Structures are given as structure tokens and as C-alpha cells.
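An overview of the molecular structure
Here is what each chain is made of, one letter per residue.
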Amino acid sequence: MSTHTIVVENRKDWEPHFPEANIIEAKEYIANPEYLKSKHEKVINLCRSYRYLSLGYYCSLLAEARWHRVIPSVKILSDLSSKAVYSLNLEDLDELVQKILGKRTEKPEGTTFQFHIFFGQGEFPYLQDVARQIFDQFPCPLLRVELKRRETWQIATIKPLTLSNITSEQEAFFIDTLNAHLGRRWRMPRASKASRCDLAILHNPNEKLPPSSAAALKKFIKIGKKLNVDVDLIEKKDYAKLAEYDALFIRETTQVDHYTYHFAKKAESEGMVVLDDSDSILKCTNKVFLTEVMKAHNIPVPKTVILRKGDTKPLTGQIPYPLVIKIPDGSFSRGVFKAEDEKQANDIAERLFKESDLILVQEFVYTEFDWRIGILNRKPLFACQYFMPPKHWQIVKHDASGTFVQGGFKAWPIEEVPGKIVEVALKAANAIGNGFYGVDMKQFGDKLYVIEVNDNPNVDTGVEDACLGDLLYQTIIEEFVRRVELPMGYVSVGAPPLAP
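These notes cover the structure that comes with them. Since the structure is predicted, the reported quantities are computational estimates derived from the model, not experimental observations.

Moving on to the overall build of the protein. The helix and strand inventory of the protein stands at 15 helices and 23 strands. Here the protein holds 500 residues, and 51% of them are scored as buried. For the protein, the share of sequence-separated contacts (at least 6 apart) that also reach a separation of at least 24 residues comes to 68%. Working note: accessible area of the protein is about 24200 Å², and carbon and sulfur atoms make up 52% of it.

Structure below.
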């Protein structure tokens, strides 16, 4: 047989002037026992329809069952059928599209614009970079991409096409791109390894304050190799291949209305082990929830009042000045403001109510440092003190230009941390679940206050690992392996909190 097989619904679909190739009708490909016996066949599915349970759908499905390398795969067809799925991969591409079209003197007219991608080649050379990236994420022979201009140009839809969609003007382009594709060496699938676990670490290389630096991520990969665990770094664009892994470790700042949360939900739906699990993200990223759950478990927190938009209660009299005003889903000291008087407090509140219907007003407790106790699976893992930058009241000082300054730190062996601090941290983390948490606390004399519970605490070289060294990374990876190897039915992530 030819090294490439092109499957069509009817031989008449393949025009006489199209390139010579091994053309097989779909019914023959499905029924011919020779194709059942062959392995690693290279198949291009060009059936008339890819809809669910159609002949074209079954061709891709059976190709994968036969270990044939097929485009499009069933997973790609499924992804392209759902805008909610493939749109998660488009934010960076939207920026690229806008950058390209914004520079052109001859811009598309109107508010919509279409272009086609045949075998990874775009019909417009200036959009080739976009075309290649779309094809890399959604390997499908023929694609139509629709752009829409709102405030900026954005990708509205990506749709698979069939041979019947090719116009006479596009036939030369189809022939050229097919010939180029048939001459390209197909990528071999990654060789299987007898690893204990395939762990994906979701990160954003452009994040300014990530939970783990590039050096720390390299540590996870290095320690993983020693433990016979395959550790891969993935990004937002890799959503479609998430199910290839056994476990997901989220190492970028999480939010509910964000792709990090969608990654967690998707991984859980695939039966993967996930840290941060979606339930912990939901709970920890909202300070209103945290305040309520801490109070319910009698865990000490600074005096806090939750204000509702339109609340006529004056701020004065509830909490003395200076006080702290927070938006519920801020992180890394962002969305947290100090007010020295009533006017300043009302101005801050008015601004924050434009983003959230609820905000928090909290008593100001100044300390030279914050404690953070790292908790993994209800056990203390590391301890660190984070100090305030000079002349500032938070551990990270942000300015209007987008730059920031961090204070110093001091790592502590867990056994040397005062027992009451560890006890309160464990109680706070246990109120959330059995994941990986960082409990932030302030110590004021003999009083302790839990400020928040982080669902993806920092793990950085030279900081959190200053006492444990490689053992910190090893412990985290081994916890993933332990959960992966647990019997089915065990609740390994998102376990319910301990009762008050």
C-alpha cells in the first residue's frame, strides 16, 4: 500500500486533475480487512462530513483504533465542534491577528473576514504564521477561519471543510498544499515509556509573578526524571492534549473566570489527578468565601466586614482607621488597598464596586513579615517568612507602571516553627480540602490571624526550598504518583473539608 492513504466518500469526489494518490472510498476503508491488519498507515480523511457518527467520523475513529496516523483525529473533530473548547487556545492568536492586521495598510473591509488553511498553509501569505499555529493546534486538512472585528480583530470560528467546499479558484492552492504535505515527513508519536506517571505542569512563561520560576520548573523536571516520572511543561495552547497525561500541576496564578480553572475542570473530567483542583480554586480565590469558612471553623482572622454594592452603611465606626479594603479575587497583593480616612475609603470602595458586587473591609494589622505554611495533603511541608519592602505594608509593592518590588524572606524548618502557628495553618487548610495550600498568617504578639489560604502557593528555588532543597520537589511529585496509583473511587483531590 502507499505510504499515504486518502479516504473519500466517493471516488468521483477526487477530480481527475488532482494529484495521483492512493484513493480509498470510506466504505472500503472501513470494511477491508487489509486495513485492519496494517499498522502505522498515514491516513488523510477527506470525507464529505465529519459530523458525529457520520461515515467520516467513523473513518477517523477506526483509523485511531487501528494505530493509523490520521488527520483529522476524532479528538480534533470534537474540539472543533465546540467553540467553548477551542476558544481557550485563541487568546494569544487573537493578539497575533490584531498585530498583523493592525500594521497592514490594506485592511479587510467590513467587520468580518474569512481565510482558508489547507494542510497548514494559509491562502494569504501575511497570515501564514497564524495559519501554521492554528494547524498545529487543530491538525485538520481543510479549515475555514472567520475573523470578526469588534474593538479589535478576533478569531470568531474555526470550521473543518471538505472537498466539496473547495472552489475552482482554490483548486490550484489545494493541489500545491497537498503535494507539499505528502512530501513532508510525518512526526512519529512519542515512544511509550514505563514511567510511573506522566505529569503536566501548566505554566505561563510571560507571567510576571508566577507561583514557580523557570528555575523551579526545571527542578521539577530534573527530580521527576530521578523518580521515573515524565514531567512536561504545557501552556494554555496545549488544552487539547491535556488528556494525554495522568496528572496536572497548575503553576500559574489561578482564577475562576480563567483558563486555569477550565484546565482543572477538564483534567478532573478525564479522571486525572489535579493540583490545584477546581474546588480549591473556587474557594481560595474568593476572599469572601474564605472569610466565611474561617469564621465557621473558629479560625482567627482580622476583624472583617463584607460590604454589598449599594450598602448605605458608612464605613466609619465599623473598623478603625487605617483599614484595608479588598476585592474578593485579588492575588499577590493586588486588589488590596489601605485607606487612612473615610474619604479615601469611600473612593476606593466606589472604584472596587465597579468590578465586584461585594468587597471586604478589614482591620489593618501591620507586621514586619507574613508567615506562610505550605500544606500538602493535610500535612505541613514548608514554612517561610516574607518581609515587607522598605516603607511598605505588603510583601509585594506594585506601582502604576506595572513594576513591583518584593521584600526579603526567611525559610524555616517545620520542626522549628512555633507549634501554634502550624496548628492554626493546618486547621485553615483542612477547612478547604486535602490539596496543596499556602496559609498566610500574621503574628501580632501572642495573637495569630489567618489572612488567606492560597490554592497554588509559591515553590521557588532559594526561597521555599531553602531548608528542604530537592526534597521539597520530590515530596510534591511523589504525592502525585501516590494519588495516580490509588485504587479507583478514592477521592484524591477536592476532598471535603474537615468539619468545624
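In the contact formed by helix α9 (residues 214-226) and helix α15 (residues 470-484), the axes pass within 9 Å of each other and the chain directions differ by 65 degrees. By the criterion of interaxial angle, the relationship of α9 to α15 is roughly perpendicular. In the crossing of α9 with α15, the sense of the turn from one axis to the other is right-handed. Within the contact between the two elements, α9 uses Ala-216, Lys-219, Phe-220, Ile-223, Gly-224 and Lys-226 and α15 uses Asp-470, Tyr-473, Gln-474, Ile-476 and Ile-477. Tallied by class, the residues present in the contact of α9 with α15 amount to 6 nonpolar, 2 polar and 3 charged.

Note on sheets: strands pair through backbone hydrogen bonds, and any given pair is parallel or antiparallel. Reading across from one edge, β2-β1-β3-β4 is the order of the 4 strands in this open sheet, with parallel pairing throughout. Both outer strands of the open sheet, β2 (22-25) and β4 (69-71), are each paired with one neighbouring strand and no more. Neighbour-to-neighbour, the strand axes of the sheet open up by a mean angle of 25 degrees, direction not taken into account. As paired elements, strand β3 (residues 42-45) and β4 share 3 bridges and run parallel to each other. What sits directly across from Lys-42, in β4, is Arg-69. Across the sheet, helix α8 (residues 171-182) touches β1 (4-8), β3 and β4, and the angle it forms with β3 is around 160 degrees.

Moving on: the pattern of salt bridges. Summed over the entire model, instances satisfying the criterion amount to 16 salt bridges. Here Lys-241 makes a salt bridge to Asp-238, at a shortest N to O gap of 3.9 Å. On the basis of relative accessibility, which here comes to 32%, the residue Lys-241 falls in the partly exposed class. On the basis of relative accessible area, Asp-238 is assigned to the buried category, the value being 11%. The residue Asp-440 makes a salt bridge to Arg-372 at a minimum N-O spacing of 2.6 Å. Taken as a pair, Asp-440 in strand β22 (residues 436-444) and Arg-372 in strand β17 (residues 369-376) lie far apart in primary sequence, 68 residues in all. The class of Arg-372 is buried, set by a relative accessible area of 7%. Each of the salt bridges in this network shares a partner with another, and the network as a whole consists of Lys-237, Asp-238 and Lys-241.

Once that is clear, we can look at the sheet that holds strand β7 (residues 142-149). Read from one edge of the open sheet, 4 strands run β6-β5-β7-β8, paired in antiparallel fashion. The outermost strands of the open sheet, each flanked by one partner alone, are β6 (121-122) and β8 (153-160).

Turning next to the nonpolar core. Core analysis: the largest hydrophobic core is formed by 42 residues, its most contacted members being Trp-14, Leu-46, Val-130, Ile-134, Leu-147 and Phe-174. Those elements that provide at least two residues to this core are β1, α4 (74-80), α6 (91-103), β5 (112-118), α7 (128-137), β7, β8 and α8. Counting residues per element, this core draws most heavily on α6, which supplies 5 residues. Leaving out residues up to four positions away in the same chain, Leu-46 has contacts with Ile-6, Val-7, Val-8, Trp-14, Pro-141, Leu-142, Leu-163 and Phe-174. Counting residues in hydrophobic clusters, the runner-up holds 27 residues, among them Cys-284, Leu-426, Leu-448 and Val-453.

Taken across its 8 residues, strand β23 (residues 447-454) has 6 buried, putting it largely inside the fold. Note: β22 against β23, 7 bridges, orientation antiparallel. Residue pairing in the sheet places Asp-440 in a bridge with Glu-452 of β23. Hairpin connection, β22 to β23: the antiparallel pair is bridged by 2 residues, and Gly-445 has positive phi, about 65 degrees.

With that out of the way, let us pick up helix α12 (residues 287-296). Structural remark: α-helix, 3.6 residues per turn; residues separated by three or four positions point the same way. If you check which residues of α12 are buried, you get Lys-287, Val-288, Leu-290, Thr-291, Val-293 and Met-294. Next to the buried residues of α12 lie α11 (278-284), β13 (304-308), β14 (323-326), β16 (358-363), α14 (419-430) and β23. A positive backbone phi angle near 55 degrees is found at Asn-298, which sits one or two residues after α12.

Cut-offs used in this document
- Residues numbered from 1 in each chain as written.
- Predicted model: local features only at pLDDT ≥ 70, side-chain atom pairs only at ≥ 80, totals over all residues.
- Heavy atoms only, no water.
- Helix = DSSP H or I, 4+ residues; strand = E, 2+ residues; numbered from the N terminus.
- Buried < 20%, exposed > 50% of the residue type's maximum accessible area, 1.4 Å probe, protein only.
- Contact = heavy atoms within 4.5 Å.
- Areas by Shrake-Rupley, 256 points an atom, 1.4 Å probe, with all protein chains shown as cover.
- Axes fitted to C-alpha atoms, helices over the stretch in contact; angles between N-to-C directions.
- Parallel < 35°, antiparallel > 145°, perpendicular 65-115°, else oblique.
- Left-handed = near helix turned anticlockwise from the far one by under 90°.
- Nonpolar A, V, L, I, M, F, W, Y, C, P; charged D, E, K, R; others polar.
- Pairing = 2+ DSSP bridges.
- Salt bridge = Lys/Arg side-chain N within 4 Å of Asp/Glu carboxyl O.
- Core = buried A, V, L, I, M, F, W, Y, C linked by side-chain atoms within 4.5 Å.

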